[in-house]
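Residues per chain are reported as follows:
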There are 2 protein chains.
Amino acid sequence: MNENVTTMPKTARGAATRARIVDAATALVRARGAANTTIDAVIEASKASKSQVYHYFADKDELVLAVIQRQAECVLGTHEGLLRKLNSLTGLRRWRDAVVELTDQTNCAGGCPLGSLAAELSETPRTRAALAESFARWAGYFEAAFARMQTRAGKKPTNDLKALSEAMLASLQGGLLLAQTLRSTRPLELALDMAIEHVAARLEL
Amino acid sequence: MNENVTTMPKTARGAATRARIVDAATALVRARGAANTTIDAVIEASKASKSQVYHYFADKDELVLAVIQRQAECVLGTHEGLLRKLNSLTGLRRWRDAVVELTDQTNCAGGCPLGSLAAELSETPRTRAALAESFARWAGYFEAAFARMQTRAGKKPTNDLKALSEAMLASLQGGLLLAQTLRSTRPLELALDMAIEHVAARLEL
DNA sequence: GAAAAAGTGGACTATTTAGTCCAAATACTT
DNA sequence: AAGTATTTGGACTAAATAGTCCACTTTTTC
């Protein structure tokens, strides 16, 4: 029925508006969850108007999808930066410390931005797919780091690096969830230390 | 303003009604999350009337709290049953298989009933407290099982059993979240195997 | 600089939603 | 059996919500 389909911005001004909307929506979803974030709240926070939101997004679901992508960019960007040049157990421990530090700085509130979205939106096909892809990319960063650790130590490459990276990501997600609920970084620290030991053992480092 | 405070049922009939409401609400929250569950949907599913819901619960938040308690009963009941008599690494591996089997039976949908609630409701003080307590009890079951494993093997009791149980719970939660999003039991299996190895190493079994 | 395209403001509608209220029905008490 | 407490049905309200629509403005194109 609706001929006026969603548009991607065609000018810099439009791009800026769209970005403002997604940014505001991302912050609100982060704080209250997708279901508790209203379009009106997004409009107010982004100082956009209703027609602007519905000009760039077909409906709320599409906006939420953009939020997932935005949040994934942010989280994966951070971790890619932290993991990019990592090639030793010491480096991995430094990454652990950084994650714990980051979590501590927010009093464990909010948990993992992607993990929270995953818990809320994993039963909807499109959002689930987007989140699954993000997790896969995230695991890929670990995998690459483990490969570098292995070659640097002169070990022959093993092929269970993917398994190792999934276990690491699971520890991270579980640790962050417990940290959020128990309001303590302890479970996160314990989970990550366990995973690092596991990596060290498997990589024979 | 409201003199007509929430009432606990005083007759068997009332108790049955309240239970019907909580059961229906629990199923709906499990399927769609708390924010996406409306009182009207609960009324329809439980064949109760609005006045009944507001007779037994002050507002939606109180109903959600009852749902958390109900779900915690259910999940902790299941795991208490599985872990109660566990006193060996073999038993722990059987528990792992049971969890994976259970997850597989639902095609990894829904994730952990408590974990999903935790992700959604950990920023609200009362719900967070209820969830934190549930996780603590859950970890307690692991701790007790590890203690039995240790004494059965004739080892002197170590005092990091609590840490070990938190790492185990984190692996479980992270594994279930990834399983839900990736629609595969693999990350769950990997995370649990890692945690079991870790337990074996720490307990020197 | 005129025409076309892109972007904007915000009023308006349809529904949905949490919560209120009270009269009627049912169960307990003595 | 009368009287009291509990439970129930459902109409009603006020606010919130997703989404529509169109007139108006700004920017780009030729």
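Residues numbered from 1 in each chain as written. Chains lettered and ligands numbered in written order. Predicted model: local features only at pLDDT ≥ 70, side-chain atom pairs only at ≥ 80, totals over all residues. Heavy atoms only, no water.

(A) Representation of the relation of the copies chain B and chain A. Superposition record for chain B on chain A: RMSD 0.0 Å, screw rotation 180°, translation along axis 0.0 Å. Taken together, the rotation and translation relating the two chain copies correspond to the operation of a two-fold axis. Measuring from the rotation axis to each C-alpha of chain B, the shortest distance belongs to Gly174 of chain B, at 1.8 Å. A share of 100% of interface residues in chain B that are also interface residues in chain A marks the association as one of identical surfaces. (Least-squares fit on C-alpha atoms with pLDDT ≥ 70 in both. Contact = heavy atoms within 4.5 Å.)

(B) Local environment of the UniProt feature "domain: HTH tetR-type" (unreviewed entry) in chain A. Feature annotation in UniProt assigns "domain: HTH tetR-type" (unreviewed entry) to the following positions: residues 15-75 of chain A. Annotated as residues 15-75 of chain A, this span is 80% helix and 0% strand, and its ends, taken at the C-alpha atoms, are 22 Å apart. (UniProt positions renumbered as here; feature names shortened; annotations may be inferred. Helix = DSSP H or I, 4+ residues; strand = E, 2+ residues; numbered from the N terminus.)

(C) Main features of the protein's contact with DNA strand D. Inspection of the region around DNA strand D gives 20 residues, with Lys10, Thr11, Thr17, Ser51 and Gln52 of chain B positioned closest. Backbone atoms, meaning sugar and phosphate, form 62% of the atoms of DNA strand D found within 4 Å of the protein. Between DNA strand D and Lys50 of chain A there is a distance of 3.0 Å, counted from a base oxygen to a side-chain nitrogen or oxygen. The backbone of Lys60 of chain A places a nitrogen or oxygen atom 3.0 Å from a phosphate oxygen of DNA strand D. Secondary structure elements with two or more residues in the surface near DNA strand D: helix H3 (50-56) of chain A together with helix H1 (12-32) and helix H3 (50-56) of chain B. For the surface near DNA strand D, the residue count by class is four nonpolar, nine polar and seven charged. (Near = heavy atom within 4 Å. Polar contact = N/O pair within 3.5 Å; in protein donor to acceptor, adjacent residues only side chain to side chain. Nonpolar A, V, L, I, M, F, W, Y, C, P; charged D, E, K, R; others polar.)

(D) Examining the packing of helix H8 (residues 161-182) of chain A against helix H9 (residues 186-202) of chain B more closely. One way to put it is that H8 of chain A packs onto H9 of chain B with a least axis distance of 8 Å and a crossing angle of 80°. Of the possible angle classes, the one that applies to H8 of chain A and H9 of chain B is roughly perpendicular. Touching Lys162, Ala163, Glu166, Ala167, Ala170 and Ser171 of chain A of H8 of chain A are Arg186, Pro187, Leu190, Ala191 and Met194 of chain B, all from H9 of chain B. Tallied by class, residues from the contact of H8 of chain A with H9 of chain B come to seven nonpolar, one polar and three charged. (Axes fitted to C-alpha atoms, helices over the stretch in contact; angles between N-to-C directions. Parallel < 35°, antiparallel > 145°, perpendicular 65-115°, else oblique.)

(E) Here's a closer look at the protein's contact with DNA strand C. Residues in close proximity to DNA strand C total 21 residues, the closest being Lys10, Thr17, Ser51 and Gln52 of chain A together with Ile39 of chain B. When atoms of DNA strand C within 4 Å of the protein are split into backbone and base, the sugar-phosphate part holds 65%. A distance of 3.1 Å separates a base oxygen of DNA strand C from a polar side-chain atom of Lys50 of chain B. Within the contact set of DNA strand C, a phosphate oxygen lies 3.3 Å away from a side-chain nitrogen or oxygen of Tyr54 of chain B. Elements with a minimum of two residues in the surface near DNA strand C: helix H1 (12-32) and H3 of chain A together with H3 of chain B.

(F) Seen up close, the UniProt feature "DNA-binding region" (unreviewed entry) in chain A. In the numbering adopted here, UniProt assigns the feature "DNA-binding region" (unreviewed entry) to residues 38-57 of chain A. With 75% helix and 0% strand, the stretch residues 38-57 of chain A has end C-alpha atoms that lie 14 Å from each other.

(G) Main features of the packing of aromatic side chains. Residues and elements named next belong to chain A. A complete count under the given rule lists six aromatic pairs over all chains for this structure. When the centroid spacing of 5.2 Å and the interplanar angle of 85° are considered together, the rings of Trp95 and Phe142 count as edge-to-face. Of the two residues, Trp95 is situated in helix H5 (residues 89-105) and Phe142 in helix H7 (residues 125-152); the sequence distance between them amounts to 47 residues. Each member of the pair Trp95 and Phe142 is classed as buried. (Phe/Tyr/Trp six-rings, centres within 6.5 Å; stacked < 30°, edge-to-face > 60°. Buried < 20%, exposed > 50% of the residue type's maximum accessible area, 1.4 Å probe, protein only.)

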